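Survey of secondary and tertiary structure
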Amino acid sequence: MKTWEYIVRRLLLLIPVLIGVTIITFVISHVIPADPAIAFAGGPKAQPETIERIREELHLNEPLLVQYFYYLNDLLHLNFGKSYLESRPVLESITQYFPATFELTIFAMLISVPLGILGGIISAIRRNKLSDHITRIIAILGYSMPIFWLALMLQYLLAYQFPILPLEGRLSIGLIAPQSITGLYVIDSILTGNINTLSASLYHLILPSFTLGFATMALLLRMTRSSMLEVMGMDYVRTARAKGLSERVVIMKHALRNALIPTITVSGLQFGALLGGAVLTESIFNWPGMGRFAANAVMGLDFNSVMGFTIIVAIIYVIANLIVDLLYAVIDPRVKLGGE
Amino acid sequence: MLHLFRRSLLSMIGLILILFIIFIAIFAPYLAIQHPTYVEVSTEQGTRRIEERWDINFQDKFIPPNSEHYFGTDDFGRDIYSMVIYGTQISLKICLMVVFSATIIGIILGGIAGYFGGKIDEILMRVTDVFLSIPYLILAIAVAAALGRSIENIMMALVLVWWPQYARLLRGQVLSIRENQYVEAARSIGANNWRILFRHVIPNSFAPLLVQITLDLGAVLLVAAGLSFIGLGAPPGTAEWGLMISSGRMHMFHSWWYATFPGLAIVITVLGFNLLGDGIRDITDPKLRR
Amino acid sequence: MNKKFCILAIGICLSMTLTAFSGCVEESTKIELKNPDTLVYYTFGDAKTLDPADAYDSASAEGIFSIYEGLITYKGDDLDTFYPSLATSWDVSEDSKTWTFNLREGVKFSNGNDFTAEDVKYSFDRVLTMNSPESGVAWILQQSMDLDSTKIIDDYTIEINLIEPYGGFLSTIAYTVGFIVDKDYVEEHGGIVADTENEYLKLNPIGTGPYMVDHWTRNTELVLVQNPDYWGGWDGKHVKKVVIKYANEAATRILALKNGDADIAVIPNENLEDVEDDEGIIVIAYDSFDLVMAEMNTLSDNSMYLANPEVRRALCYAFNYQSAIDDAYVGYMSRVAGAIPNGMPYYDSQNNGVPVYDYDLEEAEQILDEAGFTLNEDDQRFDGATIRIFYNAGNTERYKMALSFQEELNKIGILSSVIAENWPQLLHRMYTTADWDLIFIGWGPDYNDPDDYVFPFVASSDVNGDTFNTGYKNESVDEYLLEGKYSADPNVRENAYKNAFDIYIQDPSMIYIGQRQFIRPKRDWVQGYYYNPVRDWYWYDYYKE
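Quantities reported herein were computed from a predicted structural model and do not represent experimental measurements.

Right, let's talk about the overall build of chain C for a bit. Helix and strand content of chain C: 17 helices and 21 strands. Whereas a compact globule of 545 residues would reach a radius of gyration of roughly 24 Å, chain C reaches 27 Å, a difference of no more than 12%. Expressed along its principal axes, the backbone C-alpha trace of chain C runs to roughly 80 × 80 × 40 Å. Among the 545 residues that make up chain C, the fraction classed as buried is 50%. For chain C, long-range pairs separated by at least 24 residues make up 68% of all intrachain contacts whose partners lie at least 6 apart in sequence.

Turning to the overall build of chain A, a few remarks are in order. A tally of helices and strands in chain A yields 13 helices and 2 strands. Referenced to the eigenvectors of the C-alpha coordinate spread, the extents of chain A come out at roughly 85 × 55 × 40 Å. Within chain A, buried positions represent 50% of all 340 residues. Across chain A, the fraction of contacts at a sequence separation of at least 24, relative to all contacts at a separation of at least 6, is 69%.

All names here are of chain C. With respect to topology, 6 strands assemble into an open sheet ordered β14-β18-β13-β17-β15-β16, the strand pairing being mixed. Strand pairing shows two members of the sheet lacking a second neighbour, β14 (333-334) and β16 (415-421), which therefore form its edges. Bridging between strand β15 (residues 386-392) and strand β17 (residues 438-443) involves 2 bridges; their strand directions are parallel. What sits directly across from I389, in β17, is L438. Across the sheet, helix α13 (residues 396-411) is in contact with β15, β16 and β17; its angle to β15 comes to roughly 165 degrees.

The next thing to look at is the packing of helix α4 (residues 80-116) of chain B against helix α5 (residues 118-132) of chain B. All names here are of chain B. Between α4 and α5, whose axes approach to 7 Å, the crossing angle comes to 135 degrees. One way to sum up the angle between α4 and α5 is to call them oblique. Considering only the axes of α4 and α5, their crossing is left-handed. Taken together, the residues of α5 that come into contact with α4 (itself represented by L109, I112, A113, G114 and F116) are G118, I120, D121, L124 and M125. Class assignment for the residues of the contact of α4 with α5 results in 7 nonpolar, 2 polar and 1 charged.

Further remarks concern the sheet that holds strand β7 (residues 157-161) of chain C. Residue and element names in this part refer to chain C. The 4 strands lie next to each other as β4-β5-β7-β6, forming an open sheet whose pairing is antiparallel. Pairing within the sheet leaves two strands with one partner each, and these edge strands are β4 (87-92) and β6 (150-154). Pairwise comparison of adjacent strand axes, ignoring direction, gives a mean angle of 20 degrees for this sheet. Of the strand pairs in this sheet, strand β5 (residues 98-103) and β7 are connected by 5 bridges, and their pairing is antiparallel. Bridge pairing links T100 to E159 in β7. Together, β5, β6 and β7 form the strand contacts of helix α3 (residues 117-130), whose direction differs from that of β6 by roughly 175 degrees.

Time to look at the interface of chain B and chain A. The parts lose accessible area when they come together, and the size of an interface is often stated as this lost area. Facing the 34 residues of chain B at the interface are 38 residues of chain A. Within the side of chain B that touches chain A, the residues separate by chemical class into 24 nonpolar, 6 polar and 4 charged.

Let us look at helix α8 (residues 185-192) of chain A. Residues and elements named next belong to chain A. Every buried residue of α8 is accounted for by Y185, V186, D188 and S189. Buried residues in α8, looked at end-on, bunch into an arc of 165 degrees, giving them a common side. Those residues of α8 hidden inside the fold are in contact with α5 (90-125) and α9 (195-232). Just downstream of α8, G193 is the residue with a positive phi angle, here 65 degrees.

Attention now goes to the domain arrangement of chain C. Residues and elements named next belong to chain C. Domain boundaries in chain C define domain 1 (43-221 + 519-544) and domain 2 (291-516). Computed from C-alpha coordinates alone, the two centres of domain 1 and domain 2 are separated by 35 Å. A class-by-class count of the residues in the side of domain 1 that touches domain 2 yields 4 nonpolar, 4 polar and no charged.

With that settled, the discussion passes to the nonpolar core. Formed by 345 residues in total, the largest nonpolar core has its most connected members in B:A140, B:I141, B:L158 and B:V220. Looking at which element gives the most residues to this core, the answer is α4(B), with 17 residues. One finds A:L171, A:Y185, A:V186 and A:A200 within the second-largest nonpolar core, a separate group that totals 5 residues.

For the rest of this paragraph, the subject is unusual backbone geometry. The residue A:N286 is not glycine, and still its phi comes out positive at about 50 degrees. In this structure, A:N286 sits in the loop between α11 (247-284) and α12 (290-299). For A:N286, a count of 24 C-beta atoms within 10 Å gives the class buried. The phi angle at C:F382 is positive, at roughly 55 degrees, despite the residue not being glycine.

You can read the domains of chain A as domain 1 (34-79) and domain 2 (96-295). On a C-alpha basis, the centroid separation for the pair domain 1 of chain A and domain 2 of chain A is 41 Å.

Here α9(A) spans only 45 Å end to end across 38 residues, well under the 56 Å set by a 1.5 Å rise per residue. Of all the bends in α9(A), the greatest, near 40 degrees, is centred on A:G213.

A few words on the environment of C:V239. Residue and element names in this part refer to chain C. Tracing the chain through its elements places V239 in the loop between β9 (221-226) and β10 (241-246). Distance from V239 to D154, taken between C-alpha atoms, is 36 Å for residues 85 residues apart in sequence. Aside from chain neighbours lying at most four places away, what touches V239 is D37, T38, L39, Y542, Y543 and K544.

The subject of this paragraph is the pairing of strand β3 (residues 78-84) of chain C. The side chains of a regular strand alternate, residue by residue, between the two faces of the sheet. Residues and elements named next belong to chain C. Among the 7 residues that make up β3, 0 are buried, leaving the element largely open to the surroundings. Where strand β2 (residues 72-75) and β3 come together, 3 bridges link them in antiparallel fashion. Each residue of the ladder has a partner; that of I72, found in β3, is P84. The turn joining β2 and β3, which pair antiparallel and follow one another in sequence, is formed by 2 residues; a positive phi near 50 degrees is taken by G76.

Residues and elements named next belong to chain C. Within the element layout of this structure, G136 appears in the loop between α3 and α4 (139-142). In this structure G136 comes out as buried when scored by C-beta crowding, with 22 C-beta atoms within 10 Å. A C-alpha to C-alpha distance of 9.6 Å links G136 and A53, two positions 83 residues apart in sequence.

Let us now look at the packing of α5(A) against helix α6 (residues 130-142) of chain A. What describes two packed helices is the angle between their axes and the distance between those same axes. Residue and element names in this part refer to chain A. With their axes 8 Å apart at the nearest point, α5 and α6 run at an angle of 140 degrees to one another. Comparing their axes, α6 and α5 come out oblique. The chirality of how α5 crosses α6 is left-handed. Packed against α5, whose contacting residues are G119, I122 and S123, the element α6 presents S131, D132, T135 and R136 at the interface. Here the contact of α5 with α6 is composed, by residue class, of 1 nonpolar, 4 polar and 2 charged.

This part covers the confidence of the model for chain C. Low-pLDDT stretches of the model should not have their predicted coordinates read in fine detail. Residue and element names in this part refer to chain C. Residues at a pLDDT of 70 or more form 94% of chain C, whose mean pLDDT is 87. In the predicted structure, residues 21-28 sits below a pLDDT of 50 and forms 4 contacts with residues beyond four places in sequence or in another chain. Across the whole predicted complex the pTM is 0.87, and at the interface the ipTM reaches 0.89.

Rules behind the numbers
- Residues numbered from 1 in each chain as written.
- Chains lettered and ligands numbered in written order.
- Predicted model: local features only at pLDDT ≥ 70, side-chain atom pairs only at ≥ 80, totals over all residues.
- Helix = DSSP H or I, 4+ residues; strand = E, 2+ residues; numbered from the N terminus.
- Rg over C-alpha atoms; globule rule 2.2 N^0.38 Å.
- Buried ≥ 20, exposed ≤ 12 C-beta atoms within 10 Å, placed from the backbone.
- Contact = placed C-beta atoms within 7 Å.
- Pairing = 2+ DSSP bridges.
- Axes fitted to C-alpha atoms, helices over the stretch in contact; angles between N-to-C directions.
- Parallel < 35°, antiparallel > 145°, perpendicular 65-115°, else oblique.
- Left-handed = near helix turned anticlockwise from the far one by under 90°.
- Nonpolar A, V, L, I, M, F, W, Y, C, P; charged D, E, K, R; others polar.
- Arc of directions from axis to C-beta.
- Domains from an automatic or database assignment.
- Core = buried A, V, L, I, M, F, W, Y, C linked by C-beta atoms within 7 Å.
- Expected span 1.5 Å × (residues − 1).
- Bend = angle between axes of the 7 residues up to and from the residue.
- pLDDT = per-residue confidence, 0-100.

See below:
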């Protein structure tokens, strides 16, 4: 099968999955015995006409099935409905918040993937030596720690007791965000040559992205270590070594390439975990991203926002997995695309 | 089995930690200083429900850890040490119930899908696709938000999120085992499908399943605590660790102990499960046993 | 695997714990004044809109009060006198129906357009036509005005003919809904569409006020900068820039205030102790009109016990008011006699301002016994039926009151259950079901009149009262309250409210717990700060030094 055929096939397979996702989100957000109309119209001070109008707008008076088809129809027109918490279209909210989350997850990946792989390699090469033990303990702790607790502890220690890192947000107070080109402050700052915002946004990224990436780093470290150990025991690596190639060449050329395959798969899958973790991390660091938006929407029972967020995340997640599968094929030519 | 554990110190530590936690859970009434009362109340649906109650004593609030209150007290003057101790019961209950139920559902559905194949398999796998296309924490949050705050509801939400992984795992196992010679042999002597499924296929999937279960116990605990932390899980007043961290967060600046100790309890328990899971994997996976 | 590994593992665990413990080490550092020209206010939520025609939440008002202006305004913490703003003087006809306003000349909107009478008529008509589709705030003007009310006499004179004389008229146009927009600007950007919000105006306000929007990043920050053409001028001390930061986590706001990032911050009562001892942080409590109550469902699905007034009276005696004040609100609350808050007219009509109910469990038990609700063999009243107490999840003060009320009820043999629900869920329960017994609620002022309190609380739904859906109905009370609402004679009103009170307090539908104080801790370098309950913030008056 050719690559593009495979991509098309995978994209087509997305359709039933996404329909399923809309059904799930729709059902769970409509079993809640809550009346968003009253809340959005101002709670106890709401005027009856306003409540009724909002109810009409949300089609709350229709049967569930009809409501669902209204929703699907809107989705096909790229209309996620209106967020009543923010009184604007959900798509607009998500468009605003997405870059912040994207920047955070990218930096979490930039911290966790190299550190995880490097740690794994060191751990494998120096098996049962001191550095192996230290890295392994960090790894085990990493995926045993609740991310919100880690975030709290780090925030408390590094932003309050020993205030060396900023407490919250993306930029220092008084700084104006760089002109929005990509929405990622770091990239925008570089593009517009604004050193102040560049350093400030990097400075603000340290704590949240480290927290978010910590568990991923731990997982990758463990993965890399065990697959390195496995690969290093295989015949072809032994052969390479027997041929008299230097240890460095053996590791870099032969062992690493093969050991990295499972690691890459896991990194791709971890993207989903990071988006989940963002809901907890962003709330704590007041990071103005999709995660914080989702947490607010869930607590405010903002139907449209919750559904919009979940669908967007599902799309991102599925596409990330597709990219991983393709990368997999590039790294390991033995993998045939679509060969199930 | 035990001698294998002995070879791996880390999994030994894991086992000890878990036994320690189970011990605390069982003997909580003897270890704790303060004790909750359990009151039966009627609910919306007219059914009765048991509620956990802790005595309030505002005079004793925010006492730092001392010889009387080992972990200090919280904003209601409740003894955090006792709450952490009783929290083990809730946490273990959540982990075990969720993973157990998810496993059962996964075994049944995954087994059927893998064994019979065809349309059933196709449909079931598409359904799991849908569930797995949403990051599990996000799905759990959405479901828990819809169900409302109670321990039972988070368990339900987590089961709903967790079963597809087991269905997938079991289906894969079944597919590989189905082609094995002994299954062929059983089939040729006329054993019926269910017999083959339960007698041959499932027992042979036991090892990977066990590893997955142990690791998931920790993962479930983390997600459940996360749900409680953002205010979706345990009802207020419960000695649930995530909830305690959540309330402690507001008082971090003057009462660091409030959020710290429940967090350490989570770390220790999850660490135990993870070490144990790693250990079981090392033991059952011959490739790694070197 | 070897021993070294083990020792290491334990070592790392230990050191982590120690790091956590090191939290108890306090250190004090002197916080320096940061950015003297920028005032930073940390709050929660987000403004929903910056369009005065559709804003009804306090977060929106925090911006709008300084961006737009009305014809008249308040000054400082004085909430009884109106001062000139866009109008320089005004007059009212004999029959109190026709108001004439002389407008200020030479005022420019921040886009350079001139302010004239056209803009005034346009703004009022806009509110009436647009009908505030998202908030419902338009009722405030609609109760006394229609599209024919506003007449342009000349460029700088305007006449308003009210539908009916209304004593509160001036206070309604001093609220944000009566603020003036630029006609040409609105017409350029969508104009007026009946029953439809103007998305452009929501985000891009142009007013005559001292500040204008620099940028508004939703849910993150609203930044205001000086309007250089402000007619009031920039003599004296003012800040150049106002940053309103939205942080939903209280911990974030506390930290920001402590380390000097925030100049003023919203801090929950129970966290005030975190900041009040800090050098350089000032905590002042101002009297507000915010009431805290527990409403009782007189038509509860769950148990008909609460339908009995004696049971409700007993519950009023079983509530520990002092504990609510001291433990839940950390002292920043005072008791209130009835539905009218202290400081509003006719407060003393309520038993001379003395609460009728005090915490008295014996009295409560006696009332219950006499009403026939005695203890059963399990020492429980109501045969073990559960009184369900609800509060909105996340509100820790109400949570504390709920838990301690549960304990008090337990002492007199009443079984209860405390349930937290998200706000929309709780509203749904309150309005569309009778499936609740007791809900903790609060109320703040729309305008400075007792009618805004007592009427929605205790008047029945037949006369459009009963905002909290308690199901309470007493025809005499309704009559007195209607009399109080429409009379202009203070004596008649006083009497009406007194008569109503004497009836409803003996047949209570609410436990009147207390009246909160308004607290916004600030750094000591914030000057010119005051509190006005009907206009929370006016950034022009504050400066840093």
